[in-house]
Every structure is written in structure tokens, then in C-alpha cells.
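Chain by chain, the residues run as shown.
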Amino acid sequence: MTKFVNLMVSEPDVSKVPFMIDSSKFHVVEAGLKCSQGKCIMNSISLKGGEEEFLNQAKIVKRHGAAVVVMAFDEEGQAATEAEKVRICCRAYKLLVEKVGFNPQDIIFDPNILTIGTGMEEHNNYGVDFINATREIKRLCPGCKISGGVSNLAFSFRGNEPVRRAFHSAFLYHACKAGMDMGIVNAAQVEEDVYEKIDKELLEYVEDVLLNRCSNATERMLEFAATLDPKSKPTALRKKGAEGGAGTTKKDDAKAWRNQTVGKRLEHALVKGIDEFCIADTEECRTNGDYKTPLEIIEGPLMDGMNVVGDLFGAGKMFLPQVIKSARVMKKSVGHLIPFMEEEKRLNGGSGEASNAGVFLIATVKGDVHDIGKNIVAVVLGCNNFKVIDIGVMCPKDKIIDALKEHNADICGLSGLITPSLDEMVDMAKAMEAEGMKIPLLIGGATTSKMHTAVKLAPNYSGGVVHVLDASRAVPVAQTLMDKNKRGEYLEDINETYAEMREEFYAGLEDRKYLTISQARDTAAKCAVDFKSPEHTPVTPQFTGVKALVDVPIADVIDYIDWNPFFQVWQLRGRYPNRGYPKIFNDETVGAEAKKLYEEAQRMLKSIMDNKRLKLNGIIGFYPANSVGDDIEVYADESRTTKTHTFHTLRQQAEKDVDEPYMALSDFIAPKDSGVKDYLGMFVATAGIGLHELTAEFKAANDDYSYIMAEALADRLAEAFAELMHEKVRKEHWGYAKDEKFNCEDLLKVKYQGIRPAPGYPSQPDHTEKATMWDLMKVQEEIGVELTESFAMLPSASVSGLYFAGKCSQYFNVGKITADQVKEYADRKGQDFKTAEKWLSPILSYEP
């Protein structure tokens, strides 16, 4: 932030406009404020952390002479209703004016523009609440300004351009009349989509939803939106080409799916949200003899349909309102079956049982205010006859424990959409274990994963922990857990799966034989490279020291992307002969979906480039170096008299079946006692500058598909950038392969000379070696990539490694090592033995 703001203030065309300093970390914002000249805007503070934190931050902002954006959050969560917005903003205004001495004109309130048209009744008035709250806040807080992120409003209609843009235009028209001063908007669209020029028919549908003028406004809007060309403009609306005969087409479609089997008809009705025939079809299922009990109908065609809905929604191919409509179809069908299920219970002697399917308590964990995913789960479970107790957002573990006891819950569901929520879930699992609870714990949310659940949660709670991918899948899981005949076997299977995943994660110890470290070094000495020979004489780089590569165009690295890992992230794998990109597009099973995914990735990449959402930063360094045993010494200059840093390498010890040396990376650098001058290179590349802000937008909008897509693309861009940098190193900066001519396919097959192993990976499994790179190149200061206490890189879409130029260099796997090497390695690094064991634990050949 400091470097960026200093750069901006030195540009006359940039510095003449106010800066908005924005970060989720207050110390980063403060760093920006210290460098800004003139008056800027700080974004943002809130009462979420309490009055003391709020006042301290406000005083710092005022000290720098900045205006401040105040979000409508407090200790209880996000303001959604008009009353909550007014109450929180008035409270903040009073604190700022009376206790901090803020000029009211420097206070900008963001009362939260929330998504409407979701299909959930409690969201219907969000637009009206914001507009009315704006008017009241301006009245009660004289001098203040009102702002908001307009794109949140119609996120339910993402993908339908005319509808979203019409919502934005209509909202701004009414909100600005109520006193809204500023907002985050698409400026070009605002100028183009003048309220008075919006198609009148479209505007009527939009304002019915926006102003909550009728109870079925969302359903009517969806039906109308389906007739529109999604790429047209709200001021030049086009209907879909075949819509002239829409009535006939719909009737023909209805006939087509109504001719399917009754199970398929129910599935179709659920996917399309059609409730016209669902009761009749459900009754036909109940009486045609194909299903022995009503429960089988629920677990069969109804859940088949809901699983399809979950798959489509998780892939970003269904709007949220359509999911809710599907749940309503489910509710009607289940509602029809409930009397028959109750009668079955009575005849079977179960009259004393509760009439619901179970009590499901659900909460968003402490520190997390996102709840739309949780709300969807609650709706879908409610449609399946569960009694759902929703205790809200930002729930500390004590509150959840108390609620579980109070309501005698059968299942506990935890939701979270931000990374810190994962730790809160671990604490919650430990708390439930300490209480001696035995009710199953279901885990869900964008940042959760099956692996995290297996490794971090399951070992801490014996009552059963299950990761649930999405709302529709929560239902069969919950139903199975409530079935006494299935629960034990199901949890046993889950526990076995998670145990296998943990074994894989921790790379279980292998029963192998090992050489001592001394013996391993002897094998390398016998095959040592002659660095004085012409073939292996080191090439001197074009420069020594560092070179920062800042804001490299994304277009420059596109051709270097390896798309195969991208498809693996999405679990799309072609079968022979259609394995790998681009042959995967020809695969009979996954080809069409892979092609569609690739096209959507291209669209997002273009959007990222056009809107400059991600920034590529890199740094390379070359230094005089020589090896001393298994270490690589780096020197201050060509005199090589002053050692500045040392890189410590690890050597193979697991016994081999072939006669070859046991390697360490130091083998690829000329020994100090050889008198040969050698060099070591290193690099860091990131495509993650801006990724946090981009994914935060998708997270806030609960768009998991785009969030995962953005992260997957950022990872691919980082690797591609590293590939481009390495090519330029070989041909230009180091210049040891100036005549190299490889295409991208050759590069991905590593046909070139030299390697770029990364600390923490097979050739050097110790992540702590990154610290030496960061100190030597001043990485954080130069390109903004930092290391966490666990030596992970932030931003996460980053790659780092060492450059070895010699023909003798090659990739290898250190594999497992023994205690004698660990002890010597610790001594060389100046670490105590236990610390070394901690960092090397995945490769230890023994249990410490």
C-alpha cells in the first residue's frame, strides 16, 4: 500500500482526484493514509468489533484528515431492515461527532444494499428498506453522505444483462431522490441506462420487485426475464428469437416432459421449479406400486431432482430464485406425503414420535456475517419436514452450545464463508466434545472442504462430522443421520473415508531401508560433476542482484497457461485417448462440460484483463554462489569473501534399486574448493494482487462458482507467469540458453536446460528456506508478497523457487530422511532438533 500510494501521488493526473484507501486490514489502510496528500476517503470502519475499536480507528482516520465510510454493522451483525440501518448509523454518527469530533460532512454511511429477488420472502423489502433508511438517516444525521455497492442489488439475476442493468438504473433513480450521494457503479452503464429510457414493460416488472409492490413479483420477473435476450440492453430490449411462438413452444415442451415416467416428471418439475403437476405426480408414485413407502419417494425421484438442482446451482448454472422455487416444489410433494407417513408411523406403533423429521439447529459461526447459504439450507430442510432452528450469524460457540441444549437438537449445522470461520469450526467441534455431545455435526460453506473436515474437524469430535457440499445434499445426509437403521453404518463409512484421507494427507510412513547421511554423500562424491569441463562451466548472468517485474500484462502470460491442472480442480478428466487439454473436449463423457467450462474461464479471463482486476508482480535475483557440502553459500560480490546468506539442502537417503547418486540440490552448484565461480538464481511470481478483492465480491454475493473459478485462474496465471519468467531468464537475464526455441507444449514438458525447484516441494521439502529468499531479495517490500508464520505465500496465487542453470541439474524427490540427517540439518541451520522435526515432519522416516 505504501509503495502504491507513493507512486500515485507522484502522478499529476492521478493525484488531482481524491483517493479512497480501501483494505480489510486497518493497518494497511493506515499505511495508505500516511502517504496520501490532500483529503482522501478511508473505506471502512464499523461497530462490528465494538465501540472501543471503532473509536480508536476513527481517531486515527481523523488525525490524517480523511473522510470515512461507515458500514452498517454492529456487534449483532449486518443491518438488513430499515430500523436496523437507521439505528446503527445514528449510533455511529453520535459517536463520531460527539466523541471523536468528526465533521459530519466527512461521514459516509453505507447502509448495505442487499440482494432482492431471491425468492425468499424476508428479502423482498431490502430495496425499500435501503431507500427509506437513506431518507431517514439523512434527516437524523445532518451533513452525512450515503453510499453503497449497487451491483449487490440484483445479483440474483446475474447473467441477464438487461434485467440487472434495469434494476441498477431504477434503484439509483429512487435512492438518489431519497438522498443517496454516491455509490460503486459501472459508470458507463449509468450514463447509458437513463431511467427515462428503460423499456417500460421491463421497468414495470423491475419496480414491482424493487419496490415490493406485489407478493409474486419475483416469479413474474423470472418468467419475463426468460423471454429476453440476456445480452441486450435495457434501453434497447430484445426478445429471444423464438419467443414469437413462445406459447406454442411452451405447450410442446410441457407435452414432451409430461410423457416421461412419473419419476422423471417429478425430477423435471423440481429442476424447473414447476409445481403445477407435482401433487398429482407424487400421488401417482404413491399408488402405482413402484415405491413401497412414502419415504422411498422422497429418497428416490424427489431427491434425484434436488441433487440435480444442487449440482446446477453449485456450478453457477441456476439462479438462486430457481433453487428456492425447486424447494417449494419439494415442499408441496413432501407435504402431500406427510399424512401417509404419519399414518404409517401410527400403524407401526410410532405414534409417540415427533411429527417432524428432526430438529436441525443451524448457525453461522463467530466473526462471519454471511448467511444466504445457511438460509437456503434452512429452506430446503424445512421443505423436507425438518424443524429448523436458525440462531443467526456471528454466533460464538457458547451461544451455539446453549441453543443445542435448549432445543434438544438432533443435528447441528455450521456455516461459514470466510477463512477464519474454519478455525471457529474447529473450536466448536472441540467444545461439543468437551460437553460430551453425540449429535452429528454438519459443515458447509464456500471455504470449507472435505479434506479440512477430515483432517481438522473429525479428530476433534467423536459424535460424527460430515462435510456437506451444498444445500440440496444436506437433505439426504440429514435424513440418513435421522434414520436409526442407517446412521451407525453411514457414520462408520464416513469415518473410514476421513481416516483414509488423513493417512493420505500426512503421507503415512513407509517401511523402507535407508543409507546414513554419510553413506548418501559418498555416493554423490563418486559421481561429482566436473564444473571445470566445458560442458559444465557455469555461465555468468547478465546482472547480479534483483530485478522487480511489476504489473506485467496478463496477455503476455496467457499462452503459457497449463490448462490440465485447471480441469483437475473441477474434477473433469478425459479418458484415453482424450486425456489432457485440448483433447479433453473430445471426450464423450466430460467433453461438452469441459468445453463449456473453458469458455466460461475465457470470459472471466477477459473480464479480469479488461477491468484490470488482477496484477502480475514478479522478482528475480542472481547471486555469486558456491556449494559447501549440502549447503549453498551466497556471497556479497564477485570477490566471494563475504558470505551473506546460506541455503540449506536435503539429501536423499531411501535405498534405491539402481546404482545412482543420492542427490541434494547443492550437487548442482560448483563446490567452493573447486575455485569455479558459480551462481544461484531465485524468483517469486504472483498473480494474486487484487484476488482478495475480486473473490470477496463473489463471496459477498455467494457466487461460489465464480469465486472458485477466479482462484483457479489466478493459480494458473501465477504458474504461467513463472514459466514466462523462467524462459526470459534462460534466454535473456542469465542467458545460458540464448538460442533456445521451444513451444509452450515443450516448456510444459520441461525440455529446456535448468530447473526451478520450490522450497516445500520434493527437491527441497523445507518451507522455512523461503525466509532466506525473502530476506535476500526483499520480496515483500519489492512486490508485495509476504510469508505467513507457516511460510505460506500471501497472496496465495504465488509461486517461488530457486534457479539452477547447469546441464547437470534435474528434479528429484528427497523422499523420507532419517534422524541423523535431521540432527545435522538442524545444527547447520541453527535450529533445535524438535523445531527441525516439526518443519520436516512430512518426510521423516520415523515417528518423532
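The present account deals with the structure reproduced in this document. Treat the numbers as computed from the prediction; the structure is a model and nothing was measured. (Residues numbered from 1 in each chain as written. Predicted model: local features only at pLDDT ≥ 70, side-chain atom pairs only at ≥ 80, totals over all residues. Heavy atoms only, no water.)

### Quick look at the overall build of the protein chain
- Counting its secondary structure elements, the protein chain contains 31 helices and 20 strands.
- Scored against the burial criterion, the 848 residues of the protein chain give a buried share of 51%.
- A fraction of 72% describes how many contacts in the protein chain between residues 6 or more apart in sequence connect residues 24 or more apart.
- A total accessible area of about 39600 Å² is found for the protein chain, and carbon and sulfur atoms account for 49% of it. (Helix = DSSP H or I, 4+ residues; strand = E, 2+ residues; numbered from the N terminus. Buried < 20%, exposed > 50% of the residue type's maximum accessible area, 1.4 Å probe, protein only. Contact = heavy atoms within 4.5 Å. Areas by Shrake-Rupley, 256 points an atom, 1.4 Å probe, with all protein chains shown as cover.)

### What about the pairing of strand β10 (residues 411-415)?
- Where burial is concerned, most of β10 is hidden: 5 out of the 5 residues are buried.
- On β10, burial covers both faces: Ile411, Gly413 and Ser415 on one face and Cys412 and Leu414 on the other are all buried.
- Inspection of the sheet shows strand β8 (residues 359-364) paired to β10 by 5 bridges, in the parallel sense. Bridge pairing links Thr364 to Ser415 in β10.
- When β10 meets strand β11 (residues 441-444), the two strands line up parallel, connected through 4 bridges. Residue Ser415 lies in a different strand from β11, and its bridge partner there is Gly444. (Pairing = 2+ DSSP bridges.)

### What to know about helix α9 (residues 200-210)
- With 8 of 11 residues buried, α9 is to be regarded as a mostly interior element.
- Within α9, the full set of buried residues consists of Leu202, Leu203, Tyr205, Val206, Glu207, Asp208, Val209 and Leu210.
- Next to the buried residues of α9 lie α6 (126-140), α7 (161-178) and α10 (217-225).
- Capping the start of α9, Asp199 holds a side-chain oxygen 3.2 Å from the backbone nitrogen of Glu201, two or three residues further along.
- The first or second residue beyond α9 is Asn212, which carries a positive phi of 55°. (Polar contact = N/O pair within 3.5 Å; in protein donor to acceptor, adjacent residues only side chain to side chain.)

### Comments concerning the environment of His645
- Examined against the element boundaries, His645 turns out to sit in strand β16 (residues 643-648).
- Residue class for His645 comes out buried when judged on its relative accessible area of 17%.
- For the pair His645 and Leu776, spaced 131 residues apart in sequence, the C-alpha to C-alpha distance is 7.5 Å.
- Not counting chain neighbours up to four residues away, the residues in contact with His645 comprise Ile632, Glu633, Val634, Thr772, Asp775 and Leu776.

### Notes on the packing of aromatic side chains
- Following the criterion strictly, the structure yields 20 aromatic pairs and no others.
- Ring geometry for Phe130 against Phe171: centres 5.4 Å apart, planes inclined by 50°, an arrangement best described as tilted. Of this pair, Phe130 sits in helix α6 while Phe171 sits in helix α7; the two residues are 41 residues apart in sequence, bridging distant segments of the chain.
- The buried category is assigned to Phe171, whose relative accessible area is 0%.
- Taken together, Trp563, Phe566, Phe567, Tyr581, Phe585 and Tyr598 form an aromatic cluster joined through their ring pairs.
- Of note, Arg640 hangs over the ring of Tyr679, and the distance from its end group to the ring centre comes to 5.1 Å. (Phe/Tyr/Trp six-rings, centres within 6.5 Å; stacked < 30°, edge-to-face > 60°. Lys NZ or Arg CZ within 6 Å of the ring centre and 35° of its normal.)

### Some thoughts on unusual backbone geometry
- Across the junction of Asn43 and Ser44, the peptide omega takes the value 10°, indicating a cis bond.
- Tracing the backbone through its elements, the reader meets Ser44 in strand β2 (residues 41-45).
- Backbone torsion omega between Tyr581 and Pro582 reads 0°, so that peptide bond is classified as cis.
- Of note, the phi angle at Asn212 is positive, near 55°, even though the residue is not glycine.
- Tracing the chain through its elements places Asn212 in the loop between α9 and α10.
- Since its relative accessible area comes to 30%, Asn212 is described here as partly exposed.

### Some remarks on the sheet that holds strand β1 (residues 20-22)
- The strand order across the open sheet formed by 5 strands is β1-β2-β3-β6-β7, and the pairing between neighbours is parallel. One side of each edge strand has no neighbouring strand; the edge strands of this open sheet are β1 and β7 (145-146).
- Of the strand pairs in this sheet, strand β3 (residues 67-71) and strand β6 (residues 107-110) are connected by 4 bridges, and their pairing is parallel. From the neighbouring strand, Val70 faces β6, where its bridge partner is Phe109.

### Here we look at the pattern of salt bridges
- Taken as a whole, this structure holds 42 salt bridges when the rule is applied.
- Two residues, Lys264 and Glu267, come together in a salt bridge whose shortest N-O distance is 3.6 Å. Taken together, the residues span about one helical turn, with Lys264 and Glu267 both in helix α12 (residues 262-272) at a distance of 3 residues.
- Using a relative accessible area of 18% as the deciding quantity, one classes Glu267 as buried.
- We note a salt bridge from Asp827 to Lys823, for which the minimum N-O separation is 3.5 Å. Taken together, the residues span about one helical turn, with Asp827 and Lys823 both in helix α30 (residues 819-829) at a distance of 4 residues. (Salt bridge = Lys/Arg side-chain N within 4 Å of Asp/Glu carboxyl O.)

### Topic: the nonpolar core
- Core analysis: the largest hydrophobic core is formed by 73 residues, its most contacted members being Phe109, Phe167, Phe171 and Met221.
- Those residues in contact with Phe109 that lie beyond four places of it in its chain are Val70, Cys89, Ala92, Tyr93, Ile137, Cys141, Cys144, Lys145, Ile146 and Ser147.
- Formed by 55 residues, the second largest nonpolar core is a distinct cluster that contains Ile561, Phe566, Leu572 and Phe585. (Core = buried A, V, L, I, M, F, W, Y, C linked by side-chain atoms within 4.5 Å.)

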